[in-house]
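Working through the structure, step by step
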Amino acid sequence: VRVCVLVFTEEERRVRANDREYNEKFQYASNCIMTSKYNVVTFLPVNLFEQFQEVANTYFLFLLILQLIPQISSLSWFTTIVPLVLVLSITAVKDATDDYFRHKSDNQVNNRQSQVVIHGSLQKEKWMNVRVGDIIKLENNQFVAVSVSSTLCITTFRKFGVVCEPPNNKLDRFCGLLYWRECKYPLNNQNMLLRGCVLRNTEYCYGLVIFAGPDTKLMQNCGRTKFKRTSIDRLMNTLVLWIFCFLVCMGMILAVGNAVWESEVGSLFQSFLDWDLPVDNFLFSAFLSFWSYVIILNTVVPISLYVSVEVIRLGHSYFINWDRKMFCTQCSTAAEARTTTLNEELGQVEYIFSDKTGTLTQNIMSFNKCSINGQAYGRYAHARGCLTTEEFPRLDFLSFNPLADPDFCFYDNALLESVKLGDPHSQEFFRLLSLCHTVMSEEKKEGELVYKAQSPDEGALVTAARNFGFVFRSRTPGTVTVTELGRSVTYTLLAILDFNNIRKRMSVIVRNPEGRIRLYCKGADTLLFERLHPSNHHLMNITTDHLNECAGDGLRTLALAYRDLSEEQWEEWSESHRLADRSTDCREDRLAATYEHIEQDMMLLGATAIEDKLQEGVPETIAILSLANIKIWVLTGDKQETAVNIGYSCKMLTDDMTEVFIISGYTVQSVREELREWPSVEEKQQQCPPPPGPPSSTTLDSISGEFALVINGHSLAHALEADMEGEFVSTACACRAVICCRVTPLQKALVVEVIKKHKKAVTLAIGDGANDVSMIKTAHIGVGISGQEGIQAVLASDYSFSQFRFLQRLLLVHGRWSYLRMCRFLCYFFYKNFAFTMVHFWFGFFCGFSAQTVYDQYFITLYNIVYTSLPVLAMGIFDQDVPEQRSLEYPKLYEPGQLNLLFNKREFFICIAQGIYTSIVLFFVPYAVLSQASQGTGEPLADYQTFAVTTATALVIVVSVQIALDTGYWTAINHFFVWGSLGTFFSIMLAMHSESLFSIFPKQFHFVGSSQSTLVQPLVWLTIALATVICIVPVLAFRFLKLDLKPQLSDTLVRQKKRKPAGRGMGGVRGGVGGMSEGRLGMRGGSRRSGYAFAHQEGFGELITSGKNMRLSSLALANFASRHSSSWIDTLRKKNYPQLTSLSFSTNKTDWKKMFLHVNYETIC
């Protein structure tokens, strides 16, 4: 329940810094987050109101009220109120516990400390007390508590204001104006730090709070928390309504019978047995009889059903929490079931929607292979089996290079020897990597370098160059300093040709100390090869082969090239670049044209291949889940190339696929046209069906030869429009794998919502960051990865663990078992209760429709609570058809849950039919036998109490034998509960019918001595045995026939005498690399695909050359001051921070360093 609600519609937001009195006039939301539902005062009324919104609870309350009317009640009120209070209490305790943890989580978040500028000084303040308009200080690696403007990094906080757009969910856009000293400064998305982000590569900065609490873009994207119900819950609600209608019909039939009997037969007794008041005619008698039978027959849906369901779900949740095979030893994190209501839904999942970074990958890049001048290196770096051999040990770089990173791993000594021996191509290769980047270096003390890269790709490449002797040390806007094989070299940085998604490459132009000018370029091989000098043709072919090999291993590749420039070429290009940079119209296009002009006739150096490390077991998990007929969609904010590369790495995409389609249109019409190309694909799919295979196969080959779809965020926005979403769903769902790139958190949720709407399938969303919260909340099941991106995803999830690979165990073992157990439980429960209740219906025709019960009222009360509750609970909690290892080896075992085969309307009617058949046998067999029987003394056995005891005993024995047949996995607990319940029945019945209890409570225990006298009769036991055989033998015959004529896979596995484990080979399919065309990629038999992927963003080249992101550590400042004059520092300060010139600074070195406020260079995770 949100307590911070805007009471007006904002058209624009006006914020005045450090002026809470002014800002509070607008009633902006506070930063207090409240996800809890109750407090001490509201818990009882609100929780009871919620519980009585359940149809079943309202129904039982209605029955309780009826039982309080003596004229219509044949049963005591405690037969209903005891179970009802038990159900309400258990549910209330569970809800209170869940809400306690919500309060605890809210308090943890709201009480985090932040630093706020109050009255000109920094003061500690809790997150929940931060207000719009406050100025807060953020420090490195600190979570951002609110949405703040990050440009306000000033050391004096005078009054200023901001006018901006109102709260919205658009993460990629922000528009506002900063008013300060009678000047206006535009604000855009680059000036914003969003709640949930982490400040990186910046020691500290100050920011103005623009949005707080529910107004932040993160919370605007989270969506509302929805109450999640399983498909079985929804089916049960329907079945309860059907059963209630059936109950009403039975009551009406018996009421009509009562009216007929009273008018035809009962009238004959009026002279000596008059009607009880207020009954004065047969119609009113029938009316009261109807309600009496509604009370008697209500046990067809006993309230103990709902208690048992909650207990079983709780047990399944504990099994997940206790599973040691889902415990991560690295981070000491166990799997956690954060809800107890969705366990069986885990066994019915058809679609998985997964984030990429931090979920499938570790977001850790490692330099794995390279190709230099036609020579491949690092071919053993990825072969884990070779890591411990003496032939390929890990290289020791520190003995060769004291500045090497000790954590860097490489295993091919040939490359290191090539550098040591002075091979010019190898040295130029690593020189390019040390110069062509936008990495920042920090050296807090001599030799300890810390690289702060805008993307992990660049960090991995620069680190590789560092270890091979080309150490990037520092940079200024106009220089780059590198230590080359122990010798310090400073290059003049003439230009940075920045990266963007269209160019797919970046270049730098540098002048070495000897005055030679050279352009270094790295980028996508498909684009860079087109710009090579013709003399590189042979080398390009060799390098292409190496790239294909790397792409087959799922590595991310970049091609490297260089070009020497004469002074005249440089001067001419520099002038054209200067004019393009200053142009006011079409600036981006003009710059791109100048870049294109200079990046020609380059000489190929080679290629790099880095590994975006997947989490352990990701390819195997995806392959197994695919074999279980689960479709996996990746929804990521990353670029298309990066996402596709990961798709191949984790085997979602394979080179054996018939086709991979790319949807990248920018307009509604273009997206529609691309989607409508699908009919031809469907024809191809019919011509090229997937190869058949045995159900036990778990190899990747059996799921090849299908289609995949890749769609960009801007195209997805059009595809999700109302008139096109149907086409998108039909196209996407025909694919085995779907990858959505560059999507916002809200788009992730919309994709999940549209699948739920059109496919009626169970969906699961899994992610690790705040941007996945909306998707997690929208899906039927939300799973949070407790990784490096905070706990927002975990807090919003239904289940959490630390590794994606645990998902296969959660679904194929715990989910499948939970579904199987719940279905068996429900089938048996409805059977035993119809068998119990329908005896009353048949008895009504033999008792004058008087609403007389067959059984003792204590038996009616204890039947579902004591006599039959524990055996079915044991089956619902512990049962299994095959061992857990078989569930993983044979993923096809998962399909019955997806098809809803084990409990549906058909299975329900079968259970009901069996229950009705059992009730007929249990009533008419004892009735036929005992009606003409007599005791050994010659006295007749045909009395009401003997018949009641015989029928009750036969019922308990029959349902106990039935659950023994239904139980597939016996434990000591099952044996104890089944046979113990039988013993308990006899013990309690004998005690209830004893003379001692009758002497104490003569009005409560009317069956005195009945069981003692009945159970000593051999004929009674013969009758019970006959009824049991007639009830059970048809069931056994039907099951044997079904097992023989139409066995399921689980039946086949159980019957196998020699179980051979299925092959688990996951390396059969290699992901390749394919050229990124706008329409298709990776076509069978087509040209190779590119393994290019570079998680870099545009704009950092200009940022570096402007000097805005430069800051100096103490060591760097000392080194810089010793080599350069302070004029550059003064120029930069005056140019970019004119406001700082009005501030007074001391000449002390510490104060001088404090001046360099760290802005505009943070990577947001």
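Rules of the game
- Residues numbered from 1 in each chain as written.
- Predicted model: local features only at pLDDT ≥ 70, side-chain atom pairs only at ≥ 80, totals over all residues.
- Heavy atoms only, no water.
- Helix = DSSP H or I, 4+ residues; strand = E, 2+ residues; numbered from the N terminus.
- Buried < 20%, exposed > 50% of the residue type's maximum accessible area, 1.4 Å probe, protein only.
- Areas by Shrake-Rupley, 256 points an atom, 1.4 Å probe, with all protein chains shown as cover.
- UniProt positions renumbered as here; feature names shortened; annotations may be inferred.
- Contact = heavy atoms within 4.5 Å.
- Polar contact = N/O pair within 3.5 Å; in protein donor to acceptor, adjacent residues only side chain to side chain.
- Pairing = 2+ DSSP bridges.
- Phe/Tyr/Trp six-rings, centres within 6.5 Å; stacked < 30°, edge-to-face > 60°.
- Axes fitted to C-alpha atoms, helices over the stretch in contact; angles between N-to-C directions.
- Patch = residues over 30% accessible without salt bridge, like charges linked within 9 Å, V, L, I, M, F, W, Y side chains within 5 Å.
- Salt bridge = Lys/Arg side-chain N within 4 Å of Asp/Glu carboxyl O.

As a further point, take the overall build of the protein chain. Helix and strand counts for the protein chain stand at 40 helices and 31 strands. Buried positions account for 55% of the 1165 residues belonging to the protein chain. Surface accessibility of the protein chain: about 49,700 Å² in total, with carbon and sulfur atoms responsible for 58%.

The next point concerns the UniProt feature "active site" (unreviewed entry) in the protein chain. What UniProt calls "active site" (unreviewed entry) maps, in this numbering, to D355. Among the secondary structure elements, D355 is positioned in the loop between β12 (349-354) and β13 (361-372). Residues contacting D355, with those up to four places away along its chain left out, are L360, L635, T636, K748, I766, G767, D768, D772 and M775. Engagement of the side chain of D355 in a polar contact is seen with the side chain of K748, the distance being 3.4 Å.

This next bit is on helix α17 (residues 640-649). The element α17 is extensively covered by neighbouring structure, given that ten of its ten residues are classed as buried. Taken together, the buried positions of α17 are Q640, E641, T642, A643, V644, N645, I646, G647, Y648 and S649. Taken from the residues just after α17, K651 is the one with a positive phi, measuring 70 degrees.

The next point concerns the pairing of strand β3 (residues 121-126). Remark: a regular strand shows side chains that alternate across the two faces of the sheet. Of the pairings in the sheet, the one linking strand β2 (residues 113-118) to β3 comprises six bridges and is antiparallel in character. Pairing of Q113 across the sheet is with K126, part of β3. Linkage of β2 to β3, two consecutive antiparallel strands, is achieved through a turn of two residues, within which H119 is found at a positive phi near 55 degrees.

Applying the stated criterion across every chain, the model contains 62 aromatic pairs. Seen in terms of ring centroids, W570 and W573 are 5.9 Å apart; in terms of plane orientation they differ by 35 degrees. Their pairing is tilted. One end of the pair is W570 and the other is W573, both in helix α14 (residues 567-582) and three residues apart, which spans about a single turn. Take W570 and W573: they sit in the same class, and that class is buried. Between the aromatic rings of F836 and Y855, the centroid separation amounts to 5.2 Å while the plane-to-plane angle is 10 degrees, which identifies the pairing as stacked.

Across the sheet, which stays open at both edges, the nine strands sit in the order β14-β13-β23-β22-β21-β20-β19-β18-β17 with antiparallel pairing between neighbours. This sheet does not close on itself; its edge strands, each paired only once, are β14 (375-377) and β17 (470-476). Each strand of the sheet is rotated relative to its neighbour by a mean of 30 degrees, with strand direction disregarded. Pairing geometry for strand β18 (residues 479-484) and strand β19 (residues 487-497), over six bridges, is antiparallel. The residue bridging V480 from the neighbouring strand is Y491, located in β19. Taken strand by strand, helix α11 (residues 456-467) contacts β13, β17, β20 (505-511), β21 (517-523), β22 (556-565) and β23 (603-614), and its axis lies near 45 degrees from that of β13.

The next point concerns a nonpolar patch on the surface. A cluster of nonpolar residues, I253, F845, F846, I920, F924 and Y927, forms a patch on the protein surface that exposes about 520 Å² of accessible area. The element best represented in the nonpolar patch is helix α30 (residues 905-930), accounting for three residues. In this structure, F846 sits in the loop between α25 (806-844) and α26 (857-867). The class for F846 is partly exposed, based on a relative accessible area of 40%.

Right, let's talk about the environment of Y819 for a bit. Here Y819 lies in helix α25. Using a relative accessible area of 2% as the deciding quantity, one classes Y819 as buried. Sequence separation of Y819 and P896 is 77 residues, and the distance between their C-alpha atoms is 9.5 Å. In contact with Y819, not counting residues within four places along its chain, are I232, E344, G347, Q348, P896, G897, N900, L901, L902 and F903.

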